[in-house]
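Coordinate inspection notes
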Amino acid sequence: MAARLVSRCGAVRAAPHSGPLVSWRRWSGASTDTVYDVVVSGGGLVGAAMACALGYDIHFHDKKILLLEAGPKKVLEKLSETYSNRVWDACSEALIMFDKDNLDDMGYIVENDVIMHALTKQLEAVSDRVTVLYRSKAIRYTWPCPFPMADSSPWVHITLGDGSTFQTKLLIGADGHNSGVRQAVGIQNVSWNYDQSAVVATLHLSEATENNVAWQRFLPSGPIALLPLSDTLSSLVWSTSHEHAAELVSMDEEKFVDAVNSAFWSDADHTDFIDTAGAMLQYAVSLLKPTKVSARQLPPSVARVDAKSRVLFPLGLGHAAEYVRPRVALIGDAAHRVHPLAGQGVNMGFGDISSLAHHLSTAAFNGKDLGSVSHLTGYETERQRHNTALLAATDLLKRLYSTSASPLVLLRTWGLQATNAVSPLKEQIMAFASK
Amino acid sequence: MWSGRKLGSSGGWFLRVLGPGGCNTKAARPLISSAVYVKNQLSGTLQIKPGVFNEYRTIWFKSYRTIFSCLNRIKSFRDNLLKTIPNHQPGKPLLGMKILDVGCGGGLLTEPLGRLGASVIGIDPVDENIKTAQCHKSFDPVLDKRIEYRVCSLEEIVEETAETFDAVVASEVVEHVIDLETFLQCCCQVLKPGGSLFITTINKTQLSYALGIVFSEQIASIVPKGTHTWEKFVSPETLESILESNGLSVQTVVGMLYNPFSGYWHWSENTSLNYAAYAVKSRVQEHPASAEFVLKGETEELQANACTNPAVHEKLKK
């Protein structure tokens with residue numbers, strides 16, 4: 001029952017390539033191939049949601065959409081929760097609280113499986129427009145000539161593992177950070193690996209509580225986060241070094257629980273100097289802003305971990321230099337890969353869907369060729385602006401909190417305390433993150 | 001002039017490939033053909049003397065990529081047509097409409113109309129254009145069924161298609177036609193009562209001479225010499241008067257301006273260069289040149305001649 005709240009799931013793993021497949025072949029083949037208006041390659045959270053968004057779009061009622069997913073169909077049942085967010089530093093007492101006093105929820109944590117189940121059901125309801133093929137992996141893409149010839153098909157040709165072929169006016173790559181679509185079309189990807197892996201697990205809390213707070217503590221080895229699932233269950237996302245992650249996954253359950261609790265509670269990384277400096281600023285802030293001294297809430301402690309729920313995966317950053325080419329668009333992790341510390345990975349993917357669906361809908365209503373690059377670049381510009389900022393900020397935070405060197409710890413301690421004191425700034429952050 | 005750049009022009013122009021935004025096309029290079037227009041004595045319209053036709057296909061196919069330049073026209077046609085349909089189907093808003101695209105060229109306007117659900121017949125006197133259009137739509141099974149192309153002129157099909165179309169589109173055509181009156185009469189004849197006519201063309205002004213003939217043909221060679229004849233440009237007033245006298249009620253006349261930086265056309269109040277007219281065929285069958293219409297036509301001519309003397313106005317009305 002691993003609750004995966006970051007978007008590393010169900011993606012089509014591309015077959016290993018010796019190099020990008022950039023050859024442009026004239027294809028005058030099988031005119032009996034079905035011509036789809038849109039093919040979405042990759043049926044994970046983002047791919048399935050994209051197919052759903054188009055399937056329900058009013059201007060796509062007479063269009064044909066195909067969703068290709070390498071894995072089997074998944075159907076399950078779970079719960080959802082609301083949350084607020086507490087984040088603090090392991091090397092000092094600095095903390096920041098994002099709270100919503102009014103009744104609006106700041107955000108929701110929904111398990112991957114729950115979302116997939118909902119999407120699968122929605123897709124079944126529009127099966128006249130959206131065809132979903134499970135256990136189907138594209139092994140080859142053939143692009144139309146950039147210099148169009150009169151006799152060659154202007155569509156993208158897709159060949160599946162079982163030999164079947166399709167043509168499409170627009171191919172959407174939603175196949176994860178090792179995107180086969182991106183590699184096949186030859187789009188450059190700026191990427192580096194963090195020397196970190198994330199461990200996810202489902203934890204049982206020591207006592208039932210009104211579990212609506214998400215906790216994240218920045219340890220020198222990486223952030224550890226506890227995200228609420230129910231009154232007694234929380235999900236763990238612990239980013240740490242590869243060796244430590246491997247240890248955590250293989251150690252026995254009691255030791256694991258101890259490690260988790262200690263990570264949240266231990267003061268071992270504090271230094272007197274930083275503590276004093278932090279306290280000074282806190283005093284200064286409380287003089288200037290004597291309001292609202294809320295009692296400090298404490299993170300819940302963990303009793304046990306769900307058997308077999310511990311999994312690990314490597315972390316890295318990735319950003320495609322281009323999101324679109326003629327007849328191709330990348331969304332989700334295929335376009336951008338981010339550290340889970342801000343919980344924004346799949347949200348950025350959903351933002352991509354919203355933008356691309358809007359542009360495609362308008363294009364369809366204008367009678368345009370869906371693969372035309374003119375509206376695709378509109379999507380690319382809109383999303384690159386948003387995503388680049390978020391990627392850069394997340395990377396910066398990750399680097400900033402990966403050190404225990406005093407000057408940087410002092411900087412971030414004061415920074416965090418100051419940000420905590422400036423409510424309008426916090427509100428801006430919350431607004432941006434919950435868009 | 002700019003119509004040479006517009007991709008929906010009639011009568012088989014070679015076209016300039018638009019540079020900005022055409023992602024896969026290289027920097028725009030004017031591709032010149034040596035097309036010359038020769039009057040066809042029988043039909044009174046134009047016939048093209050073919051030039052370098054083997055380049056036509058490539059040009060057309062590149063043009064399909066940069067169709068966005070026609071976007072404002074398509075949106076306008078669509079919106080005006082939707083007003084005439086009480087309940088339109090989502091996804092196929094123009095379903096059930098029969099549209100005639102006169103001077104369709106490579107089908108650059110025909111295809112978007114087809115994608116919106118209409119049944120479209122595209123006609124063009126140039127065989128090569130129709131072949132290209134035919135080829136391009138053949139790859140799309142949906143368009144293949146909805147669109148039909150024919151090599152012919154409007155006059156040739158007037159008899160068999162009388163009162164069959166819900167709408168007629170004549171984009172960048174009327175400035176090439178010799179007998180405008182006959183052409184517009186034919187447009188009216190093939191329209192059902194209450195049907196819509198969309199025309200886009202170039203105004204006959206000093207500005208259009210300067211930009212359209214002098215600059216485009218002689219200086220910048222955007223279009224080859226002889227493509228346009230300034231005398232054949234039609235002013236909105238003339239167009240309106242002919243339309244009105246043939247039983248077509250002009251609903252709107254609006255100017256179009258091209259922004260070379262964005263690559264898009266925009267609507268504007270200024271009709272001194274390019275403009276579009278939208279007219280509707282009256283539902284009641286009446287003879288052209290009824291007294292009322294003649295008077296209106298005359299009044300408009302006077303207005304066009306900048307006669308603002310209200311006394312004269314009054315005198316005419318009596």
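Residues numbered from 1 in each chain as written. Chains lettered and ligands numbered in written order. Predicted model: local features only at pLDDT ≥ 70, side-chain atom pairs only at ≥ 80, totals over all residues. Heavy atoms only, no water.

What follows covers the overall build of chain A. A tally of regular secondary structure across chain A gives 10 helices and 19 strands. A burial count over chain A gives 54% of its 435 residues as buried. Intrachain contacts of chain A at a sequence separation of at least 6 include 77% that bridge at least 24 residues. Carbon and sulfur atoms make up 57% of the accessible area of chain A, which totals about 18900 Å². (Helix = DSSP H or I, 4+ residues; strand = E, 2+ residues; numbered from the N terminus. Buried < 20%, exposed > 50% of the residue type's maximum accessible area, 1.4 Å probe, protein only. Contact = heavy atoms within 4.5 Å. Areas by Shrake-Rupley, 256 points an atom, 1.4 Å probe, with all protein chains shown as cover.)

For the rest of this paragraph, the subject is the packing of helix H1 (residues 45–55) of chain A against helix H2 (residues 112–125) of chain A. Residues and elements named next belong to chain A. Taken N-terminus to C-terminus, the directions of H1 and H2 make an angle of 30°; their axes are 10 Å apart at the nearest point. When the interaxial angle is binned, H1 and H2 end up roughly parallel. Crossing handedness for the pair H1 and H2: left-handed. Across the interface between the two elements, Leu 45, Ala 48, Ala 49, Ala 51 and Cys 52 from H1 touch Asn 112, Ile 115, Met 116, Leu 119, Gln 122 and Leu 123 from H2. Among the residues making up the contact of H1 with H2, the classes are represented as nine nonpolar, two polar and no charged. (Axes fitted to C-alpha atoms, helices over the stretch in contact; angles between N-to-C directions. Parallel < 35°, antiparallel > 145°, perpendicular 65-115°, else oblique. Left-handed = near helix turned anticlockwise from the far one by under 90°. Nonpolar A, V, L, I, M, F, W, Y, C, P; charged D, E, K, R; others polar.)

Our next topic: the sheet that holds strand S9 (residues 264–268) of chain B. All names here are of chain B. As summarised here, the arrangement of the eight strands in space is S5-S4-S3-S6-S7-S10-S8-S9, forming an open sheet in which the pairing is mixed. At either end of the open sheet lies a strand with only one pairing partner, and these are strand S5 (147–151) and S9. Direction aside, neighbouring strands of the sheet carry axes that sit 20° apart on average. In this sheet, S9 lies alongside strand S8 (residues 248–259) in antiparallel orientation, the contact comprising five bridges. In the strand pairing of S9, Met 256 is matched with Trp 267. Sheet strands touched by helix H8 (residues 180–190): strand S3 (98–102), strand S6 (165–171), strand S7 (191–202), S8 and strand S10 (274–281). Its angle to S7, the strand with the most contacts, is close to 145°. (Pairing = 2+ DSSP bridges.)

What follows is about the packing of helix H7 (residues 345–365) of chain A against helix H8 (residues 373–400) of chain A. Residues and elements named next belong to chain A. H8 packs onto H7 with a crossing angle of 165° between their chain directions and a minimal axis gap of 9 Å. With respect to their mutual orientation, H7 and H8 come out roughly antiparallel. As H7 packs across H8, the resulting crossing turns out to be right-handed. Facing Met 348, Gly 351, Asp 352, Ser 355, Leu 356, His 359, Leu 360 and Ala 363 of H7, the residues of H8 in contact are His 375, Leu 376, Gly 378, Tyr 379, Glu 382, Arg 383, Asn 387, Leu 390 and Leu 391.

On to helix H9 (residues 406–421) of chain A. Taking 1.5 Å per residue as the helical rise, H9(A) with its 16 residues ought to reach 22 Å, and the 22 Å between its terminal C-alpha atoms agrees with that figure. Of all the positions in H9(A), only A:Val409, A:Leu410, A:Arg412, A:Thr413, A:Leu416, A:Gln417, A:Thr419 and A:Ala421 are classed as buried. (Expected span 1.5 Å × (residues − 1).)

Our next topic: the environment of B:Ser249. Residues and elements named next belong to chain B. Mapping Ser 249 onto the fold places it in strand S8. Residue Ser 249 is classed as partly exposed on the basis of its relative accessible area, which comes to 30%. With 165 residues separating them along the chain, Ser 249 and Thr 84 place their C-alpha atoms 15 Å apart. Discounting chain neighbours no more than four positions away, the residues touching Ser 249 are Glu 244, Tyr 278, Ala 279 and Val 280.

This brings us to the packing of aromatic side chains. Each aromatic ring pair is summarised here by two numbers: the centre-to-centre distance and the angle between the ring planes. On inspection of all chains with the given rule, the structure shows seven aromatic pairs over all chains. Ring geometry for A:Tyr323 versus A:Tyr379: centroids 6.2 Å apart, planes at 45°, classification tilted. Here A:Tyr323, found in the loop between strand S16 (311–320) and strand S17 (324–325), pairs with A:Tyr379, found in helix H8; they are 56 residues apart in sequence, far enough to count as distant. Accessibility classification places A:Tyr323 together with A:Tyr379 in one group, the buried group. Both rings, one in B:Phe198 and one in B:Tyr278, keep their centres 5.0 Å apart while their planes meet at 10°; by these two values the pair is stacked. With B:Phe198 in strand S7 and B:Tyr278 in strand S10, this pair connects stretches of sequence that are 80 residues apart. The rings of B:Phe77, B:Phe198 and B:Tyr278 are connected pair by pair, giving a single aromatic cluster. (Phe/Tyr/Trp six-rings, centres within 6.5 Å; stacked < 30°, edge-to-face > 60°.)

Next up on the list: the pattern of salt bridges. One pass over the structure, following the stated rule, counts 18 salt bridges over all chains. Across the pair A:Lys63 and A:Asp62 runs a salt bridge, and its minimum N-O distance is 3.8 Å. A:Lys63 sits in the buried class, given a relative accessible area of 10%. Between B:Arg150 and B:Glu160 there is a salt bridge; the shortest N-O distance is 3.2 Å. (Salt bridge = Lys/Arg side-chain N within 4 Å of Asp/Glu carboxyl O.)

Our next topic: the pairing of strand S13 (residues 222–228) of chain A. All names here are of chain A. Most of S13 sits inside the fold, with seven of its seven residues counted as buried. Note: strand S12 (residues 213–219) against S13, five bridges, orientation antiparallel. What sits directly across from Trp 215, in S13, is Leu 226. Pairing of S13 with strand S14 (residues 233–241), which is carried by five bridges, proceeds in the antiparallel orientation. Looking at S14, one finds that Leu 227 is bridged to Ser 235.

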